[in-house]
Amino acid sequence: MSRFPERGRRAGASRLLAAAALALAAAPAAAGPLGLGRAATPAEVAAWDIDVRPDGTGLPEGAGDVLTGEEVFAEKCAYCHGDFGEGVDRWPVLAGGQGTLTDERPVKTIGSYWPYLSTVFDYINRAMPFGEAQSLSPDEVYAITAYLLYMNDVVDDDGFVLSHENFSEVRLPNEDNFRADPRPDTPLAKAAPPCMTGCKDSVEITARAVILDVTPDADEDSTAGISVD
Amino acid sequence: MSEKTSASRRAFLRTGLAGGLAAGGAALAAGAARADDPLITDLEAQPWTQYLGDGVDAAPYGLPSEHEAHVVRRNVAWLTADPVSSVNFTPLHELEGIITPNGLCFERHHGGVAQIAPSEWRLMINGLVERQLVFTLGDIMRFPRVTRAHFLECAANSGMEWRGAQLNGVQYTHGMIHNVMYTGVPLRHLLEEAGLKGSAQWLLPEGGDAAGMTRSLPLEKALDDCLIATHMNGERLRPEQGYPARLVVPGWEGNMWVKWIRRIEVGDRPWHHREETSKYTDLMADGTARRFTWEMDVKSVVTNPSPQAPITHGHGPTVLSGIAWSGRGAIREVHVTTDGGINWHQARIEGPSLDKSMHRFVYEFDWDGAPLLVQSRAVDSAGFVQPTKNALRKVRGVNSIYHNNGIQTWAISSEGEAENVEIS
């Protein structure tokens, strides 16, 4: 507790010891500096610790095949994402889009953009179906994930079975196209001090928002084909 | 389209101009003989002077004046699929100083607003720690606490403007930001309480909402300046801002400031979850993507005048006001131009200059009534200079969505109306 002033640390030492003694009754392990909080039980950790990493850490035991996944997807996912992951209205498109990342309008899907399959499993498992999070069984999540791989042409066999055992063998096509943050990628002040006077000869307006007026309060519904998320 | 557009722009400006014109008419007569103002001479026109007002308990939790009812967050319906997983925008053009009022802080939820009673809230720390712990809110309030002002900017703020000027209103072009005085516990204290193991390098903060929001956070940042905040601007967090506790990650993109936080896992490598792979990665023109682009770079914008806040008083003394911020430190300088960047002027930083906090700048000038091209350009304490939008596009293309900190231009007409434009 280095942010405690020295004086406060000494004065509070006996109180801290008393607090630590109380905490010890609940926590078998040695208490922390302030003795606050209590030990988490194994069941509590298991209930909340559901995250999955690219190396497969955190995957539950289970398995599911493409055809089962298609059935579960049609029942629980297609309402928003469409039968083939094409996306209804502005809900996310999940399949296709390969080769479009340099296009004027890239289509970023699991197959075209996402680097790791573990992200798919983790997200479905924690947050889907939208409005009914964490209601799917592990086998259902494996099955849906297998179906998403099939729809994205990552596997081409509709008998493919995805499980905790073969999960880490699957690679998504775009994994190698992610880079570390290279900023600064524009000049710093010491390299290029900002110009203050006579910085250019003339100025012209090159674009106006009214040309493509999508500002709310306009009389019409508008879709500019952009998304913030 | 153009007919509808100008109609909607007129509607947009009507309320603002009506008030201003009345004032302008009165000013015109200042020198000459003029009629007496009934708001001064006629008692019946000033009922507040004659009759009693409400008593002290009319509003136990006070609300803004009824005349400020237009000062609200607004959303852009077409941006997202559903309001439960959507965003609205802070009305920057209606605010002054550096603090955003709690009820006007923009919202971004991925699974709606979780409603959690303080007594039902728990925070778990698990993973690579000596002691896996569970804290109640009462426990959190017994840790040493600090109070600091920080901006929170969504990485996608101004994201709609990558392809060109789109939205006529600073609320929409720049309103995914707020600046709040947080009170909370340094995350370092909680991690020390659990005891970090030697292999610990990354954290996974997790929200308790129906989106189960997760982001990978490097341990170094967590130990440096992150907070578990319980209060904003002196009162408890608002539900839509993560009540009863949220993560504060100063200077870094807003998505990482996990609301309704329920768990922090300690690990040895990042998790690569949805919000740091599928989303919040920056797609470049060559098809590669940048990941873990955490810092929000130096940025500024003129909030008045702007399309929602035209100049209504005519030529003469004019106050230009705006905001600047940087995720890499404090703001050192803000430059303002009214001629589209031919000549720049030093703006005055008005009010507190705090680390990773919003700054207010003002520039007073005598407007001759000629059309203006107004811009602002900020320089931060790390030496970063706010770039032009075209400089960013040259490096990053137009599909990166996130981290658009380019210089904003407002074209001001001789009538004082403002429009979002881009210039050469």
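An account of the accompanying structure is given in this report. Small disclaimer: the values here were computed from a predicted structure and weren't measured.

**A word on the pattern of salt bridges**
No. 1: Scanning the entire structure with this criterion turns up 38 salt bridges over all chains.
No. 2: For B:Arg263, the salt bridge goes to A:Asp51, with nearest N and O atoms at 2.5 Å. Pair noted here: B:Arg263 is in strand S12 (residues 261-267) and A:Asp51 is in the loop between helix H3 (42-48) and strand S2 (63-65), and the two residues belong to different chains. For the pair B:Arg263 and A:Asp51, one class covers both residues: buried.
No. 3: One salt bridge connects B:Arg263 with B:Glu206, and the closest N-O pair in it is separated by 2.9 Å. Linking B:Arg263 in strand S12 with B:Glu206 in strand S7 (residues 202-207), this pair joins segments that are 57 residues apart in sequence.
No. 4: Judged by relative accessible area, B:Arg263 falls into the buried class, the value being 0%.
No. 5: Residues joined by salt bridges that share partners form a network here, namely A:Asp49, A:Asp51, A:Asp122, A:Arg126, B:Glu206, B:Arg262, B:Arg263 and B:Glu265.

**A short note on unusual backbone geometry**
No. 1: Following A:Arg183, the chain continues into A:Pro184 via a peptide bond in cis, with omega recorded as 10°.
No. 2: Its place among the elements puts A:Pro184 in the loop between strand S4 (178-179) and strand S5 (205-208).
No. 3: Backbone torsion omega between B:Asn304 and B:Pro305 reads 0°, so that peptide bond is classified as cis.
No. 4: Tracing the backbone shows B:Pro305 in the loop between strand S15 (299-304) and strand S16 (316-325).
No. 5: Here the phi dihedral of A:Asp89 falls at roughly 50°; this positive angle occurs in a residue that is not glycine.
No. 6: Tracing the backbone shows A:Asp89 in the loop between helix H5 (78-81) and helix H6 (117-127).
No. 7: The exposure class of A:Asp89 is exposed, given its relative accessible area of 74%.
No. 8: Unusually for a residue other than glycine, B:Trp260 sits at a positive phi of about 50°.
No. 9: Within the element layout of this structure, B:Trp260 appears in the loop between strand S11 (246-248) and S12.

About the criteria used
- Residues numbered from 1 in each chain as written.
- Chains lettered and ligands numbered in written order.
- Predicted model: local features only at pLDDT ≥ 70, side-chain atom pairs only at ≥ 80, totals over all residues.
- Heavy atoms only, no water.
- Salt bridge = Lys/Arg side-chain N within 4 Å of Asp/Glu carboxyl O.
- Helix = DSSP H or I, 4+ residues; strand = E, 2+ residues; numbered from the N terminus.
- Buried < 20%, exposed > 50% of the residue type's maximum accessible area, 1.4 Å probe, protein only.

The analysis is restricted to geometry; functional conclusions fall outside its scope.
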